[in-house]
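Here's the letter readout for the chains.
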Amino acid sequence: QVQLVESGGGLVQAGGSLRLSCAASGRTFSNYAMGWFRQTPGKERDFVATINWSGRTTYYADSVKGRFTISRDNAKNTVYLQMNSLKPEDTAVYYCAAAYGDSFYSRRDQYRYWGQGTQVTVSS
């Protein structure tokens, strides 16, 4: 079992920045690829970014490429999502997730463990 707790969400103006954190506990963090997804009411949970176990490989949704950066600190069992140049359309609940394996993953069904989510609201 892996427990994930997100933090760092909030209200920010368009063009601003936020850094989300996701603290993991319960299993060996470095055995898991980590991902960030987001969801707005009435819509599916969409992929945002993923990072492999070592942090050397990352992959982003086209909508956030060049603005968001995913990183991890295995010593702290934490994954981060640095979000810059935020837009109103980035408003959503952001979830971190863990997938066991040595690759990186962009599909929801590849992730077994999920956090409870943190709200990000970008005002225009």
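Conventions we followed
Along each chain, residues carry numbers from 1 onward, in the same order as the chain's sequence is written. Note on the predicted model: pLDDT of at least 70 is required for a residue's local features to be given, and 80 or more for side-chain atom pairs to be given and counted; whole-chain, interface and lining totals, by contrast, use all residues. Hydrogen atoms and water are omitted, and side-chain values are computed over all heavy atoms in the structure. Put simply, DSSP marks the helices as runs of H or I at least four residues long and the strands as runs of E at least two long, and each gets a number from the N terminus on. Three exposure classes are used, based on accessible area relative to the maximum for each residue type with a 1.4 Å probe and protein chains only: buried under 20%, partly exposed in between, and exposed over 50%. In this tally, Asp and Glu contribute negative charge and Lys and Arg positive charge; neither His nor the terminal groups of the chain are included. A pair is scored as a salt bridge if a Lys or Arg side-chain nitrogen falls within 4 Å of a carboxyl oxygen belonging to Asp or Glu. Two N or O atoms form a polar contact when they lie within 3.5 Å of each other; inside protein one atom must be a possible hydrogen donor and the other a possible acceptor, and for residues adjacent in sequence the pair counts only when both atoms belong to side chains. Definition of nonpolar core: a set of buried residues of the types Ala, Val, Leu, Ile, Met, Phe, Trp, Tyr and Cys, connected through side-chain atoms within 4.5 Å. In this description, strands pair whenever DSSP reports at least two bridges between them.

So, the side chain of Arg 72
In step 1: For Arg 72, the position within the fold is in strand β7 (residues 68-73).
In step 2: No salt bridge is formed by the buried Arg 72, whose closest oppositely charged neighbour, Asp 73, lies at an N-O distance of 8.3 Å.
In step 3: Of the polar contacts made by the side chain of Arg 72, one reaches the backbone oxygen of Phe 29; its length is 3.0 Å.
In step 4: A polar side-chain atom of Arg 72 sits 2.9 Å from the main-chain carbonyl oxygen of Asn 52.

A look at the nonpolar core
In step 1: Counting residues in each nonpolar core, the largest one holds 37 residues, and the members touching the most others are Leu 4, Met 34, Trp 36, Leu 81, Met 83 and Tyr 94.
In step 2: Among the elements of the structure, β3 (18-25), β4 (32-39), β5 (46-51), β7, β8 (78-83), β9 (92-100) and β11 (118-123) are those that each provide at least two residues to this core.
In step 3: Sorting elements by how many residues they give to this core places β9 first, with six residues.

Focus on the pairing of β9
In step 1: Counting buried residues along β9, seven of its nine residues qualify, which places the element largely inside the surrounding structure.
In step 2: Of the pairings in the sheet, the one linking β4 to β9 comprises eight bridges and is antiparallel in character. Across the sheet, residue Tyr 32 finds its bridge partner in β9, namely Tyr 100.
In step 3: As judged from the three bridges shared by β9 and β11, these two strands associate in the antiparallel manner. Bridge pairing in β11 places Tyr 94 opposite Thr 118.
In step 4: In this structure, β9 lies alongside strand β10 (residues 113-114), joined through two bridges in antiparallel fashion. Considered in β10, the bridge of Ala 98 is made with Tyr 113.

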